[in-house]
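# Chain and residue survey
Here is how the chains run, residue by residue.
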Amino acid sequence: VGQYTSLALDTSGQPHVSYYDTTNGKLKYARLDGSSWQIETIDSASDVGRESSLALDNSGRPHVSYYDWTNGDLKYARFDGSSWQIETIDNAGDVGGESSLALDAYGFPHVSYYDLTNGNLKYAYFDGTSWQTETIDSAGNVGWGTSLALDTSGWPHVSYYDSTNGDLKYACFDGSSWRIETIDSAGDVGWDPSLALDTSGRPHVSYYDGTNDSLKYAYLEGTNWV
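Below or above, wherever it landed, is the structure these notes cover. The shown structure was predicted, so the numbers you read here are calculated from the model rather than taken from an experiment. (Residues numbered from 1 in each chain as written. Predicted model: local features only at pLDDT ≥ 70, side-chain atom pairs only at ≥ 80, totals over all residues. Heavy atoms only, no water.)

Here the focus is the overall build of the chain. On a plain count of helices and strands, the chain comes out with 0 helices and 20 strands. Against the compact-globule benchmark of 17 Å for 226 residues, the chain has a radius of gyration of 17 Å, which places it among compact chains. For the chain, the C-alpha atoms occupy an extent of roughly 45 × 40 × 35 Å along the three principal directions. Looking at the chain as a whole, 48% of its 226 residues qualify as buried. In the chain, the proportion of contacts linking residues at least 24 apart, taken out of those at least 6 apart, comes to 29%. As presented, the chain carries roughly 10600 Å² of accessible surface, and 44% of it is formed by carbon and sulfur atoms. Computing the positive centroid from 12 side-chain charges and the negative centroid from 32, the chain places the two 5 Å apart. (Helix = DSSP H or I, 4+ residues; strand = E, 2+ residues; numbered from the N terminus. Rg over C-alpha atoms; globule rule 2.2 N^0.38 Å. Buried < 20%, exposed > 50% of the residue type's maximum accessible area, 1.4 Å probe, protein only. Contact = heavy atoms within 4.5 Å. Areas by Shrake-Rupley, 256 points an atom, 1.4 Å probe, with all protein chains shown as cover. Lys, Arg positive; Asp, Glu negative; His and termini not counted. Charge placed at Lys NZ, Arg CZ, Asp CG, Glu CD.)

What follows is the structure, encoded as structure tokens:
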């Protein structure tokens, strides 16, 4: 147990973790209640739970996006206070790997993820009634290692790896269209990025430089990446 972990802290500072049980092919969840760890299985319908991403809503309830290895689907689970509600977000081909989940101000989930069938970066969000899915980037084999954050307007920002060119890329939605740019192209860079937005909504990304075996960091200063 313990692969593909994702960690979030609640308002009391207690940790919550989603992770993959490799032996049994299950998605599991653990939380510290102040004195001991409470552990449970979220989903065990086929081989599920790889590459999970966890977020807590304003009530401290967990939401998890994850990959259904058996069916090649993107799945989503949320705890409603008494039980886990599970659904499939996208099943168009082999999709759902490398997912990254964020909740907006209304508690609605947004997910960036990799479309293995087409080699695309995809994005899904729940609009209050149904899931809406779209392709962000299809220029080559892109979308590995997605990392998603929402700004104060609820617009998504995503960092990801372009494996065709060996570049670190970034996409953001401005309210009408996606703006896509390359952050770093110096060698084979951009593996396993992690994105965060500062209080001004500017992106910061940590990532792996495969050419030099180095940890790198980039941030947007004005219109230029540093």
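One open sheet accounts for 4 strands, arranged E17-E18-E19-E20; its pairing is antiparallel. Of all the strands in the sheet, the pair left with one neighbour each is strand E17 (189-197) and strand E20 (224-225). Here strand E19 (residues 214-221) runs beside E20; their pairing, made up of 2 bridges, is antiparallel. By the bridge assignment, glutamate 221 is partnered in E20 with asparagine 224. (Pairing = 2+ DSSP bridges.)

Located in the positive-phi region is glutamate 98, a residue other than glycine, with phi close to 60°. Along the chain, glutamate 98 turns up in strand E9 (residues 95-103). Of the residues examined, glutamate 98 reaches a relative accessible area of 19% and is grouped as buried. A positive phi angle is found at aspartate 192, which is not glycine, with a value near 50°.

Here we take up the sheet that holds strand E10 (residues 109-115). Taken together, 4 strands build an open sheet; the order of strands is E9-E10-E11-E12 and the sheet is antiparallel. Of all the strands in the sheet, the pair left with one neighbour each is E9 and strand E12 (131-137). Each adjacent strand pair in this sheet contributes to an overall mean axis angle of 25°, direction not counted. (Axes fitted to C-alpha atoms, helices over the stretch in contact; angles between N-to-C directions.)

The subject of this paragraph is the environment of tyrosine 161. Along the chain, the position of tyrosine 161 falls in strand E14 (residues 156-162). Sequence-distant contacts of tyrosine 161, that is, excluding residues within four places in its chain, are made with Asn141, Val142, Gly143, Trp144, Gly166, Asp167, Asp188, Val189, Gly190 and Trp191.

Turning our attention to the pairing of E17. As defined by bridge partners, E17 adjoins strand E18 (residues 203-209) across 6 bridges and the pair is classed as antiparallel. Note that in E18 the partner of leucine 197 across the bridge is proline 203. Hairpin remark: E17 followed by E18, antiparallel, with 5 residues in the connecting loop; positive phi at glycine 201, about 80°.

For the structure shown, the criterion picks out 16 aromatic pairs. When the ring of tyrosine 29 is compared with that of tryptophan 84, the centres are 5.4 Å apart and the planes differ by 75°; the resulting orientation is edge-to-face. Taken together, the residues tyrosine 29 in strand E3 (residues 26-32) and tryptophan 84 in strand E8 (residues 84-90) connect sequence positions 55 residues apart. Among the aromatic residues, those joined into a cluster by ring pairs are Tyr76, Tyr106, Phe108, Phe126 and Trp131. When the ring centre of tryptophan 69 is taken as reference, the NZ or CZ atom of arginine 50 above it lies at 4.0 Å. (Phe/Tyr/Trp six-rings, centres within 6.5 Å; stacked < 30°, edge-to-face > 60°. Lys NZ or Arg CZ within 6 Å of the ring centre and 35° of its normal.)

This part covers the side chain of asparagine 120. Positionally, asparagine 120 belongs in strand E11 (residues 120-126). If near-sequence neighbours (up to four positions away) are discounted, asparagine 120 is found in contact with Tyr113, Tyr114, Asp115, Thr135, Asp137, Ser138, Gly140 and Val142.

With that settled, consider the pattern of salt bridges. The tally for this structure, following the rule as stated, stands at 7 salt bridges. Linking aspartate 137 and lysine 169 is a salt bridge whose minimum nitrogen-to-oxygen distance equals 2.8 Å. Remark: lysine 169 occurs in strand E15 (residues 167-173) and aspartate 137 occurs in strand E12; sequence separation between them is 32 residues. Each member of the pair, aspartate 137 as well as lysine 169, is classed as buried. Glutamate 181 is the salt-bridge partner of arginine 179, the closest N and O atoms lying 2.3 Å from each other. (Salt bridge = Lys/Arg side-chain N within 4 Å of Asp/Glu carboxyl O.)

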